[in-house]
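Structural features, examined
Each chain is listed here by its residues.
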Amino acid sequence: MTVPKLDIVCNSEQVAQAVCAVCNISSEQLVYAPKSREVNLARGLYCAVTKLAGIHPTDAAATINRSRANVITVAKHYKGYLEVRDVVTTNLYNKIVEHLKSKQDALSDKQ
């Protein structure tokens, strides 16, 4: 099964905020914290969501203080986890997408 591209208009900062909210970590942890299970999962989901949302890897990398190559590699791994329907990854991914959609809907309602 392939994971479809997201039909959400967002930037890398909005994705980072959604990932932090859903994964219950701070933005500082997403960017600077040393490796831990929770932080690695959050960074991986961030990379996968930015890739599927069509955000350029250079922009995504700058937001989380990583290299472009790192973002591409991690996005590929986590896209694979989503394709095989890893339970934890898929549940968090769906929550992040819903969070982004709700923010987008709230903005469109204001306009």
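Just so it is clear, the structure is predicted and the values come from calculations on it, not from any experiment.

Structural notes on the environment of Glu38
Within the element layout of this structure, Glu38 appears in helix H3 (residues 37-52). By relative accessible area, which is 49% here, Glu38 ends up partly exposed. Here the alpha-carbon distance between Glu38 and Asn94, two residues 56 residues apart in the chain, equals 17 Å.

Remarks on the nonpolar core
Nonpolar side chains in soluble globular proteins tend to be buried together. Ranked by internal contacts, the top residues of the largest apolar core, which has 36 residues, are Val15, Val19, Leu30, Tyr46, Tyr93 and Ile96. Listed by contribution, the elements that provide at least two residues to this core are helix H1 (12-23), H3, helix H4 (57-63), helix H5 (68-83) and helix H6 (87-110). Sort the elements by how many residues they give to this core and H3 lands first, with eight residues. Discounting chain neighbours no more than four positions away, the residues touching Tyr46 are Ser12, Val15, Ala16, Val19, Asp59, Ala60, Thr63 and Ile64.

Points about the side chain of Thr50
Inspection of the secondary structure assignment puts Thr50 in helix H3. Of the residues examined, Thr50 reaches a relative accessible area of 1% and is grouped as buried. Those residues in contact with Thr50 that lie beyond four places of it in its chain are Val15, Ile55 and Ala60.

Points about the confidence of the model for the protein
Chain-level pLDDT for the protein is 92 on average; 97% of the residues reach the 70-or-more range. Within the protein, H4 carries the highest mean pLDDT (97), whereas H6 carries the lowest (89).

Analysis parameters
- Residues numbered from 1 in each chain as written.
- Predicted model: local features only at pLDDT ≥ 70, side-chain atom pairs only at ≥ 80, totals over all residues.
- Heavy atoms only, no water.
- Helix = DSSP H or I, 4+ residues; strand = E, 2+ residues; numbered from the N terminus.
- Buried < 20%, exposed > 50% of the residue type's maximum accessible area, 1.4 Å probe, protein only.
- Core = buried A, V, L, I, M, F, W, Y, C linked by side-chain atoms within 4.5 Å.
- Contact = heavy atoms within 4.5 Å.
- pLDDT = per-residue confidence, 0-100.

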